[in-house]
Amino acid sequence: MKVKTGILGATGTVGQRFIELLSKHPQFIIHSVGASSRSAGKKYSEATKWKITGDIPEQVKNMIVKECKAKLFGDCDVIFSGLDSDVAGEIEMEFLKADLVVFSNAKNYRKDPMVPLIVPTVNPSHFNLIPHQRSIHTLKKGFLVTNSNCSTTGLVVALKPLQEAFGPLETIIVQTMQAISGAGYPGVSSLDIFDNVIPFISGEEEKMEYETLKILGDLNSDQTECKLLDSTNISATCNRVPVIDGHTECVSIKFKNQPSPTPQEIVNVLDSYVSEAQQIGCHSAPNKCIIVRHDDDRPQPRLDRNNGNGYSVTIGRVRKCNVFDIKFTLLVHNTILGAAGSGILNAEIALAKGLLKTQ
Ligand SMILES: NC(=O)C1=CN([C@@H]2O[C@H](COP(=O)(O)OP(=O)(O)OC[C@H]3O[C@@H](n4cnc5c(N)ncnc54)[C@H](OP(=O)(O)O)[C@@H]3O)[C@@H](O)[C@H]2O)C=CC1
Ligand SMILES: N[C@@H](CC(=O)OP(=O)(O)O)C(=O)O
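Keep in mind the model is a prediction, meaning the values are calculated, not measured.

Reading the values: rules and limits
Residues numbered from 1 in each chain as written. Chains lettered and ligands numbered in written order. Predicted model: local features only at pLDDT ≥ 70, side-chain atom pairs only at ≥ 80, totals over all residues. Heavy atoms only, no water. UniProt positions renumbered as here; feature names shortened; annotations may be inferred. Helix = DSSP H or I, 4+ residues; strand = E, 2+ residues; numbered from the N terminus. Contact = heavy atoms within 4.5 Å. Buried < 20%, exposed > 50% of the residue type's maximum accessible area, 1.4 Å probe, protein only. Near = heavy atom within 4 Å. Polar contact = N/O pair within 3.5 Å; in protein donor to acceptor, adjacent residues only side chain to side chain. Areas by Shrake-Rupley, 256 points an atom, 1.4 Å probe, with all protein chains shown as cover. Nonpolar A, V, L, I, M, F, W, Y, C, P; charged D, E, K, R; others polar. Domains from an automatic or database assignment. Buried area = accessible area lost by both parts, 1.4 Å probe. Salt bridge = Lys/Arg side-chain N within 4 Å of Asp/Glu carboxyl O. Axes fitted to C-alpha atoms, helices over the stretch in contact; angles between N-to-C directions. Parallel < 35°, antiparallel > 145°, perpendicular 65-115°, else oblique.

Enquirer: I tried to follow the UniProt feature "active site" (unreviewed entry) in the chain on my own but got confused; where do I start?
Expert: With numbering aligned to this structure, UniProt lists the feature "active site" (unreviewed entry) at Cys150 and His247. In three dimensions, the annotated residues from a span of 98 residues occupy one location, with a maximal C-alpha spread of 7.9 Å. Mapping Cys150 onto the fold places it in helix H6 (residues 150-166). When residues no more than four places from it in sequence are discounted, the contact partners of Cys150 are Glu204, His247, Val332, Asn334 and Gly338. Position of His247 relative to the elements: it lies in strand S9 (residues 247-255). Classification of His247 as buried rests on a relative accessible area of 0%.

As structure tokens, then:
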């Protein structure tokens with residue numbers, strides 16, 4: 001029997017990606033879609049400006065969009081939220097309190113120490129917070145898990161194997177070149193972004209600097225909260241560039257343990273990284289979490305964003321840094337691994353761990 005899913009914010013950029021990915025998923029079925037009162041009551045195809053290549057999946061076209069009220073989604077086993085953060089906080093909490101399972105893309109609860117912030121190919125061990133979260137909210141089956149900011153997602157996939165292999169990361173500097181789809185729809189106006197680069201994305205640098213430390217941190221010994229890494233300094237600079245999908249990031253790292261690894265040792269570790277999601281055979285887990293390119297001019301968004309069906313991070317230009325120890329360039333698909341795909345792969349992991357109950 002398939003797991004019944006509800007999608008909140010189903011008409012938006014992330015919501016559409018959920019629809020696309022879930023419409024062909026072997027374990028999940030789209031049962032309900034929700035959005036604002038502007039869309040509620042309309043057929044999905046009438047409420048949505050579909051922006052993904054290919055048609056709206058047949059099974060969703062004629063679904064009637066619901067208001068995002070927990071009582072209208074009570075028969076769903078899992079809720080995926082692609083809600084605007086202005087409303088996600090209140091709505092997701094109402095769903096959690098109704099004992100529903102919520103996988104959120106929004107920033108609202110990422111800093112809550114009781115809410116796991118999980119990048120599925122990096123830190124699924126943070127699902128161990130769920131029993132404590134359930135006991136605090138007196139829930140039988142519901143829980144809330146968030147996935148991270150899209151730029152943070154790509155970064156931590158690269159950092160995790162390096163931290164595991166070479167010990168603490170002392171300093172990280174990252175500069176991003178972020179796609180327009182990251183700003184939702186209609187997002188950045190064409191007159192602002194065409195022939196241009198915008199050197200500011202509100203709140204993005206702070207999110208990268210905080211979320212990286214939570215995702216790479218450990219849970220405390222009684223599994224009641226996540227401890228932030230306190231030995232790592234990180235500084236992010238974020239830019240918007242005229243690319244449709246795919247965030248590119250230039251990363252420099254200084255390791256605490258010296259002498260630091262060579263570029264070849266870094267490549268070997270990145271190339272051989274295997275996540276728990278792959279080991280437990282999750283459907284959406286890529287064959288390789290990290291694809292290392294050896295050509296001088298890769299990764300590139302147009303050529304590399306769909307690697308691993310959008311679930312792989314592509315890394316190239318691994319080389320020595322004259323100021324820190326090592327530097328490289330990475331690319332992450334911002335609406336697949338950076339958003340909807342992470343929510344779905346997190347739900348697959350939760351299913352495999354026995355955390356999801358179907359009705
Ligand atoms: N785009 C990206 O790459 C990433 C986005 N995120 C996060 O995911 C979330 C969604 O982003 P994105 O898809 O880009 O945003 P969009 O602006 O494209 O979509 C927002 C969605 O929220 C719905 N919504 C707005 N107001 C309300 C309301 N009052 N009640 C119910 N639903 C409402 C909209 O419905 P309607 O159509 O009816 O207005 C729409 O479905 C955000 O929190 C964002 O920060 C996270 C990582 C990456
Ligand atoms: N800020 C990201 C997308 C996003 O919405 O991130 P977050 O979920 O952290 O708010 C971008 O503009 O590319």
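Enquirer: Explain the site of ligand 1 to me, please; I cannot follow it from the model alone.
Expert: Of all residues adjacent to ligand 1, which total 28 residues, the nearest are Thr11, Val14, Ser36, Arg38 and Ser39. The backbone of Gly9 places a nitrogen or oxygen atom 3.1 Å from an oxygen atom of ligand 1. Take Val14: an N or O atom from its main chain is 2.8 Å from an oxygen atom of ligand 1. Protein burial of ligand 1: of its 910 Å² of free accessible surface, 82% is covered by the chains. A total of 3 residues in the shell around ligand 1 trace back to one element, the largest contributor, which is helix H4 (residues 85-97). When its residues are assigned to classes, the shell around ligand 1 shows 11 nonpolar, 15 polar and 2 charged.

Enquirer: Teacher, can you tell me more about the site of ligand 2 here?
Expert: Every residue near ligand 2 is listed here: Asn105, Arg110, Asn149, Cys150, Gln178, Gly182, Ile201, Glu204, Lys207, Arg240 and His247. Gln178 has a polar side-chain atom sitting 2.9 Å from an oxygen atom of ligand 2. In this structure, an oxygen atom belonging to ligand 2 sits 2.5 Å away from a side-chain N or O atom of Arg240. In isolation ligand 2 exposes 350 Å². Once the protein is present, 79% of that is buried.

Enquirer: Teacher, can you tell me more about the domain arrangement of the chain here?
Expert: Put simply, an interface is often sized by how much accessible area is lost when its parts join up. Under the domain assignment, the chain is made up of domain 1 (3-149 + 340-352) and domain 2 (150-333). Spacing between the C-alpha centres of domain 1 and domain 2 amounts to 24 Å. Note on domain 1 versus domain 2: buried area summed over both sides is about 2900 Å², and carbon and sulfur give 61% of it. Per-residue buried area on domain 1 facing domain 2 is highest for Thr121, Val122 and Asn149; these three make up 24% of the total on that side. Summed over the shared surface of domain 1 and domain 2, the result is 2 salt bridges. Residue Arg17 is joined to Asp245 by a salt bridge in which the shortest nitrogen-to-oxygen separation is 3.5 Å. Scanning the region where domain 1 abuts domain 2 turns up 16 residue pairs in polar contact (both at pLDDT 80 or more). Put simply, the parts of the chain that give the side of domain 1 that touches domain 2 at least two residues each are helix H1 (13-22) and helix H12 (336-352). Of the residues assigned to the side of domain 1 that touches domain 2, the class counts are 15 nonpolar, 13 polar and 8 charged.

Enquirer: Explanation requested: the packing of H6 against H12 in the structure shown.
Expert: The relative placement of two packed helices comes down to the angle between their axes together with the axis-to-axis distance. Where H6 meets H12, the axes come as close as 8 Å, and the angle between the chain directions of the two elements is 90 degrees. The orientation of H6 relative to H12 falls into the category roughly perpendicular. In contact with Cys150, Thr153 and Val157 of H6, H12 contributes Leu337, Gly338 and Ser342. Across the contact of H6 with H12, the residue classes tally to 3 nonpolar, 3 polar and no charged.

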